[in-house]
Amino acid sequence: MATEPPLQQIEQAVLTAPQDARAAFAWSGHLLERRAPLKSLVWSRRARCIAADAAPPWNREALALWHLNRLGAAETAARRSAVLDPGYSPAWINLGAVLKRLAAYSRALRAYRRAEVAGAEPRAIGMNRAAIVLGGGNFREGWPLYRNRHGALGAEPAAVWPELGEWDGRAMPGRLRILAEQGIGDAIMFLTLMHAVRQSVGAITLLVAPRLATLMRRSFPYADVVAPDEKGQLPSLAPADAWICAGDLPAALGLFVDGDLRPHPYLQPDRRLSERLRAGIQRRSPDCRLVGIAWTSQAEDGWRRTVPPELWRPLIETSGVRLVSLQYGASPGDLAAFGDGIDCEHGVEPLTDIDGFAALVAAMDMVVSPPNNTVHFAGALDVPCLVLLPEDPDWRWGRSGATSLWYDRTRVYRKSARVDWPDLIRQIAAELIGTPSEHRS
């Protein structure tokens, strides 16, 4: 049942063979991929009613319930799948994910160990374990586990330059090649360690995504910043002695493990553009503090990191505050919901203009956003930032506390069973009253 037929065959089967468990199971998977978890739940339940002793339909039901945020029911379904077939590793993986979301971290780690015994890909399990260990602040154990992301994500960077060794963090006089992580937010965050790298090596070649190239060349004038062309081809590179992925810099340098190494803000925006953007917004909203906001994420779990437009009303109504849209790919519906409560006339689209986006963020007095690329830009630009964290946030935010290990001027506000988004927005609005602007030109 785990191997699913082509979509056209699935569609035909669900119409002509309603008692075919395999077809119902496959259709539930298709619906889940189309982000229709409630419909997926209906079809996964049909499949497991037809094939009562099969583990995959119960596991698919757990996934659908997970997406519906019905975590207690998701745990029950995942456990049922694992009981029916203890050798079915996806059930243990999903059980671990649910238990992590429920803050049952020790039990989640046990579930991941069972998944590995059942034959799950070790690097995928290692990455899941890394998220728990790093989130708990155990960086000594967590950084090595984080290396599992390479195989888990289907890329082996060691195969790119097999003639070069991977840098281990020790001082060397030669040139180091650094591969920025694929995610824009990850690239921004890990490159806060470039200052430490510069002190340890003779020269640096930094490979980045094309849309980051201009911003990174301005931010790191001492590095040879290289990006693929429109065909995905790299230009010839200067000879080097070692390489490393940016996400492995913390392990190589012992970040948060030994010594006093700290991430440093480093982004250098186009200052003239930033000044023009700020002046334009101030003409439209004179004598107002400019608070840039984003309200959603386009990641798979973006629904967990979405603060709907109607909940921002307390900030909109705060005297002396003007909200400015920093949202990438903002939908017309969301902008209509904000109405006149937000400035979106600056003309910068973060999806297509990273350099302009950096200038726009730098023009703000403050940024307020759930965790997405926006907060990493604010942190790396040294702009005050308030991050609205969902329950069970990503590992980089930790599980407690109001500060960020990565960005000195970033504070975190944590959603919980007792504190919801409206409570956090009201708290921020109250804190803004009477506090002075700290914009740095």
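Residues numbered from 1 in each chain as written. Predicted model: local features only at pLDDT ≥ 70, side-chain atom pairs only at ≥ 80, totals over all residues. Heavy atoms only, no water.

Peer 1: Can you help me understand the sheet that holds strand β2 (residues 172-179) in this one?
Peer 2: Note on sheets: strands pair through backbone hydrogen bonds, and any given pair is parallel or antiparallel. The 5 strands lie next to each other as β1-β5-β2-β3-β4, forming an open sheet whose pairing is parallel. Edge positions in the sheet fall to β1 (165-166) and β4 (224-226), since each of these pairs with one other strand and no more. Alignment of strand β3 (residues 201-207) against β4, held across 3 bridges, turns out to be parallel. Paired with L206 across the strands is V225, a residue of β4. (Pairing = 2+ DSSP bridges. Helix = DSSP H or I, 4+ residues; strand = E, 2+ residues; numbered from the N terminus.)

Peer 1: Please explain the environment of V226 as it appears in this structure.
Peer 2: Tracing the sequence through the fold places V226 in strand β4. Judged by its relative accessible area of 5%, V226 is buried. Contact partners of V226, with chain neighbours within four places excluded, come to T205, L206, L207, V208, R217, L234, P235 and L237. (Buried < 20%, exposed > 50% of the residue type's maximum accessible area, 1.4 Å probe, protein only. Contact = heavy atoms within 4.5 Å.)

Peer 1: I keep staring at the pairing of strand β9 (residues 366-369) and nothing clicks. Help me out?
Peer 2: Within a regular beta strand, the side chains point alternately toward one face of the sheet and then the other, so they alternate between its two faces. The alternating pattern of β9 places M366 and V368 on one face and V367 and S369 on the opposite face, and all of these are buried. Here 3 bridges tie strand β6 (residues 289-293) to β9, and the two strands are oriented parallel to one another. Note on β9: the bridge partner recorded for V291 is M366. Examined bridge by bridge, β9 and strand β10 (residues 385-389) share 3 bridges and lie parallel to one another. In the sheet register, V367 faces β10, and the bridge partner there is C385. For the segment spanning β9, helix α19 (residues 373-381) and β10, crossover handedness is right-handed. (Right-handed = clockwise from strand over helix to strand, strands pointing away.)

Peer 1: Please clarify how helix α15 (residues 271-284) should be interpreted in this entry.
Peer 2: Side chains three or four residues apart in an α-helix point the same way, a direct result of the helix having 3.6 residues per turn. Under the 1.5 Å per step criterion, the end-to-end length of α15 is 20 Å for 14 residues, consistent within 8% with the ideal 20 Å. Listed in full, the buried residues belonging to α15 are S274, L277, R278, G280 and I281. Buried residues of α15 fall within an arc of 160 degrees about the axis and therefore sit on the same side. The exposed residues of α15 that point more than 90 degrees off its buried face are R272, E275, R276 and R283. Elements in contact with the buried residues of α15: β6, β7 (321-325), β8 (342-343) and α18 (354-362). Capping the start of α15 is the job of one residue whose side-chain oxygen sits 3.2 Å from the backbone nitrogen of R272: D270. (Expected span 1.5 Å × (residues − 1). Arc of directions from axis to C-beta. Polar contact = N/O pair within 3.5 Å; in protein donor to acceptor, adjacent residues only side chain to side chain.)

Peer 1: Please explain the packing of aromatic side chains as it appears in this structure.
Peer 2: For any pair of aromatic rings, the description rests on two quantities: the centre-to-centre distance and the angle between the ring planes. Using the criterion set out here, one finds 12 aromatic pairs in the structure. Residues W143 and Y146 carry aromatic rings whose centres are separated by 6.3 Å and whose planes lie at 75 degrees to one another, so their mutual orientation is edge-to-face. Taken together, the positions of W143 and Y146, both in helix α9 (residues 139-146) and 3 residues apart, correspond to about one turn of that helix. Centre to centre, the rings of Y146 and F190 are 6.0 Å apart; their planes meet at 50 degrees, and the pair counts as tilted. With Y146 in helix α9 and F190 in helix α11 (residues 184-190), this pair connects stretches of sequence that are 44 residues apart. One exposure class covers both Y146 and F190, and it is buried. (Phe/Tyr/Trp six-rings, centres within 6.5 Å; stacked < 30°, edge-to-face > 60°.)

Peer 1: In this structure, what is going on with the packing of helix α3 (residues 37-50) against helix α4 (residues 55-67)? I would like to understand it.
Peer 2: Two packed helices can be described by the angle between their axes and the distance between those axes. One way to put it is that α3 packs onto α4 with a least axis distance of 8 Å and a crossing angle of 160 degrees. Considered as vectors, α3 and α4 are oriented roughly antiparallel to each other. Crossing of α3 against α4: the hand is left-handed. The segment α3 lies against α4, with P37, S40, L41, S44, R45, A47 and R48 engaging P57, W58, R60, E61, A64, L65 and H67. Along the lines of polarity and charge, the residues of the contact of α3 with α4 split into 7 nonpolar, 3 polar and 4 charged. (Axes fitted to C-alpha atoms, helices over the stretch in contact; angles between N-to-C directions. Parallel < 35°, antiparallel > 145°, perpendicular 65-115°, else oblique. Left-handed = near helix turned anticlockwise from the far one by under 90°. Nonpolar A, V, L, I, M, F, W, Y, C, P; charged D, E, K, R; others polar.)

Peer 1: Would you take a moment to explain the sheet that holds strand β11 (residues 410-414) for this structure?
Peer 2: Spatial strand order, β8-β7-β6-β9-β10-β11: 6 strands in an open sheet with parallel pairing. The open sheet has two edge strands with one neighbour each: β8 and β11. Each of β6, β7 and β8 is contacted by α15, which is oriented at about 110 degrees to β6, the strand it contacts most. Packed on one face of the sheet, α19 meets β9, β10 and β11 and runs near 155 degrees to β9.

Peer 1: What exactly am I supposed to notice about unusual backbone geometry here?
Peer 2: What you tend to see is this: most non-glycine residues have negative phi, and most peptide bonds are trans. Backbone geometry at N69 places phi at a positive 65 degrees, although glycine is not the residue there. With respect to the helices and strands, N69 occurs in the loop between α4 and α5 (71-84). The residue A103 is not glycine, and still its phi comes out positive at about 65 degrees. Among the secondary structure elements, A103 is positioned in the loop between α6 (89-101) and α7 (105-117).

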